[in-house]
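Each chain is listed here by its residues.
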Amino acid sequence: MVAYFVSFLILGLSICWAEWTMGRYGGRLGFNSAPGILHAITRHPVGRYLGVLGVLIPVSIYMYYVYVEAWCLGYAVNFLAGNMRFESVEEAGAFWAGFIGLAENGTAFRWGISQVAPYLVFVFVLNFVLIYRGIAKGIEWFCKFAMPTLVILAVVVLLRVLTLGAPDPAQPELNVHNGLGFMWNPSKTVLQERIELPDGSEGWRDLRELVRPGVIEATRAEIADNPELRIERVSIWTQLGNPQLWLAAAGQIFFSLSVGFGVIITYASYLGPRDDIVLSGLAATSANEFCEVALGGLITIPAAFAFLGLAGVAGGTFALGFNILPMVFAAMPLGDFFGFLFFFLLFLAAVTSSLSMLQPGIAYLEEVMAIGRKRSAALLGLITALGCGFIVYFSEDLKAMDTIDFWVGTFLIFCLATVQVTLFGWVLGIDKGMREAARGAAFAIPRIYRPIIKYLCPLFLFTIFVMWTLEQVFGVNLTAGTREVPGYVKDLFGDEPNLVARLSVMLVVTLAAFLAILAARAPKYSEPIREPEDAP
């Protein structure tokens, strides 16, 4: 949580304000897409090609995000139908695997209440019906009802989770109180067991966190004569010294705030010259963090800990959301109802996000092809339908989705975020950028953010990006000092490359080439750019 909030203050707010400012500035110059806005700021053709990332990223992510969106709706319906009463995590995992077609390519296209295909078709059509209606009548109309509903449902589920106590009387240490401790305690006391590592050496694996002093002492007495178990205290400084923690925190900031996507810069271009972007940016990011941490985090982590202990929260996002949480709700009174509420609110949240991913593509096609919203929505619908069909067909082990998420949803987001904050601080200029942001604002961006945006944020981004590249691309373990070629690189360049992974990268490259060709041929980008009369 410390790394997350530090990343929020340095990265989240800095990039957010930079995107809001550049977006509105570009909109005043007559541009509504990331390529057009960056072209206007740089006054150089390279700007439009860098801006293509601001279209490629959200459109590519939408093609698999809508698939996950369908999972949420399908789970909500199946909870309502009483089909989610699992007795083990393995049973819950088997349902998820069958539901999304995890075992074999093509099986995700099967139809039925316990198959993802009908939900995928519904959510795909829903997104384009809303985006077709426009920003005010489609996106704004849906969000105006969906967001309050989402918060109300989240509060209801949160109250239920916080009153769970200790669900299993035989294991009183597995309770919501200790789950909150796992989430918020700065230092950790963990029970570990000795294991044999793949290289033949010995290591230690966390079994569970020990929260209360009485529990710690009782456990210490129990394991006094057992050399295979030990109690280890991990300080906050040890945790903050782990590079993986900062990589995860920065990555979550990008995804949760939609900064570095090309989404905010597009939406901000539609604002008026006197709209308050400083307060709006702060309110949007703060409200998002409240919903993610104070609602989402407090629902999922304590509940999973209370029912399943440390193992319940140690898995990945999909394992926690679609394997562990159904077990949590199955063990609750009125579990079907609360499970329905939880996954339905996830579905509402997902739709608000997927709509935002479509608008950059719509704006770009309208701008470079000089076509109306109806034709641009139809063309983008065809492009994303083909991409989504590819990802859903190659559902085995989620290989296509995982590959695109890695190279686009992480690698390219780092790239675009770094480009945007650098252009704001060094090309648009920190003084001009701050004056533009202050136009119509109730208060100016605090002066401390001048050096943060110009120096610290790019340096922080560059450092995180280098660390991530060393670990995830070159396979350097920064903690252990070892090196092993990562699976994503092996899939593309190894002795036995993965065909699906290569096809997935080719899909992204083809889309990027198409968008770049449009940028090169766009008549609007050849016109002279003039500052508006009321420019600062």
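It should be emphasised that the depicted structure is a prediction, and the values quoted were computed from it without experimental measurement.

Some words on the pattern of salt bridges
Within the structure shown, the criterion is met by 10 salt bridges. A salt bridge links Asp336 to Arg85; the shortest N-O distance between them is 2.6 Å. Taken as a pair, Asp336 in helix α16 (residues 335-369) and Arg85 in the loop between α4 (53-80) and α5 (89-100) lie far apart in primary sequence, 251 residues in all. Residue classification places Arg85 among the exposed positions, given a relative accessible area of 57%.

Here we look at helix α18 (residues 399-438)
With 40 residues, α18 should cover 58 Å at 1.5 Å per step; its first-to-last C-alpha distance of 46 Å lies more than 12% under that length. Along α18, the sharpest kink reaches roughly 100 degrees, centred on Gly429. Phi turns positive one or two residues past the end of α18, at Gly440, with a value near 75 degrees.

Concerning the environment of Asn32
With respect to the helices, strands and loops of the structure, Asn32 is situated in the loop between α1 (2-28) and α2 (34-42). The contact partners of Asn32, leaving out residues within four places of it in the chain, are Ile37, Thr266, Ser269, Tyr270, Ala363 and Glu367. One polar contact links Asn32 to Ser269, side chain to side chain, over a distance of 3.1 Å.

Description of the nonpolar core
Grouped together as the largest cluster of nonpolar side chains are 171 residues, with contacts concentrated most on Tyr67 and Trp71. Among the elements that make up this core, the one with the highest residue count is α4 (20 residues). Here Tyr67 is in contact with Ile100, Ala108, Val116, Leu120, Ile391, Val392, Ser395, Leu398 and Met401, once residues within four sequence places are set aside.

Concerning the sheet that holds strand β3 (residues 229-234)
Pairing is antiparallel in the open sheet, where three strands are placed in the order β2-β1-β3. Whereas interior strands pair on both sides, the edge strands pair on one side only; in this sheet they are β2 (202-209) and β3. Mean inter-strand twist for the sheet, computed between neighbouring axes without regard to direction, equals 40 degrees. When strand β1 (residues 188-196) meets β2, the two strands line up antiparallel, connected through seven bridges. The partner of Leu191 across the bridge, within β2, is Arg208. The strands that helix α8 (residues 176-184) touches are β1 and β2; relative to β1, the one it contacts most, it runs at about 85 degrees. Across the sheet, helix α9 (residues 213-222) is in contact with β1, β2 and β3; its angle to β3 comes to roughly 145 degrees.

Here we look at the packing of α4 against helix α21 (residues 499-521)
Each pair of packed helices can be summarised by the angle the axes make with each other and by the distance between the axes. Running from N to C, α4 and α21 point in directions that differ by 140 degrees, and their axes come no closer than 10 Å. Considered as vectors, α4 and α21 are oriented oblique to each other. Like other packed secondary-structure pairs, α4 and α21 cross with a definite hand, here right-handed. Between α4, through Val55, Leu56, Val59, Ser60 and Met63, and α21, the contact on the second element is made entirely by Leu507, Val508, Leu511, Ala512 and Leu515. Taken together, the residues of the contact of α4 with α21 sort by class into nine nonpolar, one polar and no charged.

A word on a nonpolar patch on the surface
On the surface, a cluster of nonpolar side chains totalling about 400 Å² of accessible area is made up of Trp111, Val121, Val125 and Val129. Mapping Val129 onto the fold places it in helix α6 (residues 117-132). Under the relative-accessibility criterion, Val129 is labelled partly exposed at 43%.

Notes on the pairing of β1
Where β1 lies against β3, six bridges are found, and the strand directions are antiparallel. Each residue of the ladder has a partner; that of Val190, found in β3, is Glu232.

Looking at the confidence of the model for the chain
The share of residues in the chain with pLDDT of 70 or more is 96%, and the mean pLDDT across the chain is 87. Per-element confidence in the chain is highest for α21, whose mean pLDDT is 96, and lowest for helix α14 (residues 310-314), whose mean pLDDT is 62.

As for the domain arrangement of the chain
Assigned domains of the chain: these are domain 1 (2-168 + 241-515) and domain 2 (188-234). For domain 1 versus domain 2, the distance between C-alpha centres works out to 36 Å.

So, unusual backbone geometry
The backbone of Asp397 sits at a positive phi, close to 55 degrees, despite the residue not being glycine. Note on placement: Asp397 falls in the loop between α17 (373-393) and α18. Residue classification places Asp397 among the exposed positions, given a relative accessible area of 55%. Within the chain, Leu398 stands out as a residue other than glycine whose phi angle is a positive 55 degrees. Checked against the element boundaries, Leu398 lands in the loop between α17 and α18. Judged by relative accessible area, which is 8%, Leu398 ranks as buried.

Here's the deal with the packing of aromatic side chains
Here the structure, examined in full by the defined rule, presents 37 aromatic pairs. Between the aromatic rings of Tyr62 and Phe124, the centroid separation amounts to 5.9 Å while the plane-to-plane angle is 55 degrees, which identifies the pairing as tilted. In this pair, Tyr62 sits in helix α4 while Phe124 sits in helix α6, placing the two residues 62 residues apart along the sequence. When its relative accessible area of 0% is taken as the criterion, Tyr62 is described as buried. We classify Phe124 as buried; its relative accessible area is 15%. Summarising the aromatic geometry, the rings of Tyr75 and Phe95 are spaced 5.7 Å apart at their centres and angled 70 degrees between planes, so their arrangement reads as edge-to-face.

A word on the packing of α1 against helix α11 (residues 243-257)
Close contact between α1 and α11 brings their axes to 9 Å; oriented N to C, the two are set at 45 degrees. On the basis of the axis angle, α1 is oblique to α11. As for the relative orientation of α1 and α11, their crossing is right-handed in sense. Where α1 abuts α11, its residues Ala3, Tyr4, Val6, Ser7, Phe8, Leu11, Gly12 and Ile15 lie against Leu245, Trp246, Ala249, Ala250, Gln252, Ile253, Phe254, Ser256 and Leu257.

What counts and how
Within each chain, residues carry numbers counting from 1 in the order of the written sequence. Note on the predicted model: pLDDT of at least 70 is required for a residue's local features to be given, and 80 or more for side-chain atom pairs to be given and counted; whole-chain, interface and lining totals, by contrast, use all residues. The side-chain quantities take in all heavy atoms of the structure and omit both hydrogens and water. In the sections that follow, a salt bridge refers to a side-chain nitrogen of Lys or Arg positioned within 4 Å of a carboxyl oxygen of Asp or Glu. The numbering of helices and of strands both runs from the N terminus, where a helix is a DSSP run of H or I of at least 4 residues and a strand a run of E of at least 2. Here's how the labels work: a residue is buried when its accessible area is under 20% of the maximum for its type, exposed when over 50%, partly exposed in between, all with a 1.4 Å probe on protein chains only. Here, expected helix span is obtained from the residue count minus one, scaled by 1.5 Å. To get the bend at a residue, fit one axis to the 7 residues ending there and another to the 7 starting there, then take the angle between the axes. Every residue pair with non-hydrogen atoms within 4.5 Å of one another is taken to be in contact. Any pair of nitrogen or oxygen atoms within 3.5 Å is treated as a polar contact; in protein, a donor-acceptor pairing is required on top of that, and neighbouring residues in sequence qualify only through side-chain atoms on both sides. Only buried residues count toward a nonpolar core, which is a set of Ala, Val, Leu, Ile, Met, Phe, Trp, Tyr and Cys residues joined through side-chain atoms within 4.5 Å. Between any two strands, at least two bridges found by DSSP are needed for them to pair. In this description, a line fitted to the C-alpha atoms serves as the axis of each element, helices being fitted only across the stretch in contact, and the angle between N-to-C directions of two axes falls anywhere from 0 to 180 degrees. Note on terminology: angles under 35 degrees are roughly parallel, angles over 145 are roughly antiparallel, angles of 65 to 115 are roughly perpendicular, and the others are oblique. By convention the crossing between two helices is left-handed if the near helix lies anticlockwise of the far one by an angle smaller than a right angle, and right-handed if it lies clockwise. Only Asp, Glu, Lys and Arg are considered charged, only Ala, Val, Leu, Ile, Met, Phe, Trp, Tyr, Cys and Pro nonpolar, and every remaining residue, Gly among them, polar. Think of a patch as exposed residues, more than 30% relative accessible area, with no salt bridge, where like charges cluster within 9 Å and nonpolar side chains (Val, Leu, Ile, Met, Phe, Trp, Tyr) cluster within 5 Å. To be clear on the numbers: accessible area is Shrake-Rupley with a 1.4 Å probe, and residue cover counts the displayed protein chains and nothing else. Per-residue confidence from the prediction method is given by pLDDT, with values spanning 0 to 100. For the domain bounds, the source is a domain assignment made automatically or taken from a database. Pairs were defined over the aromatic rings of Phe, Tyr and Trp, the Trp ring being its six-membered one, requiring ring centres within 6.5 Å. Orientation was assigned from the angle between planes: stacked under 30 degrees, edge-to-face over 60, tilted for the rest.

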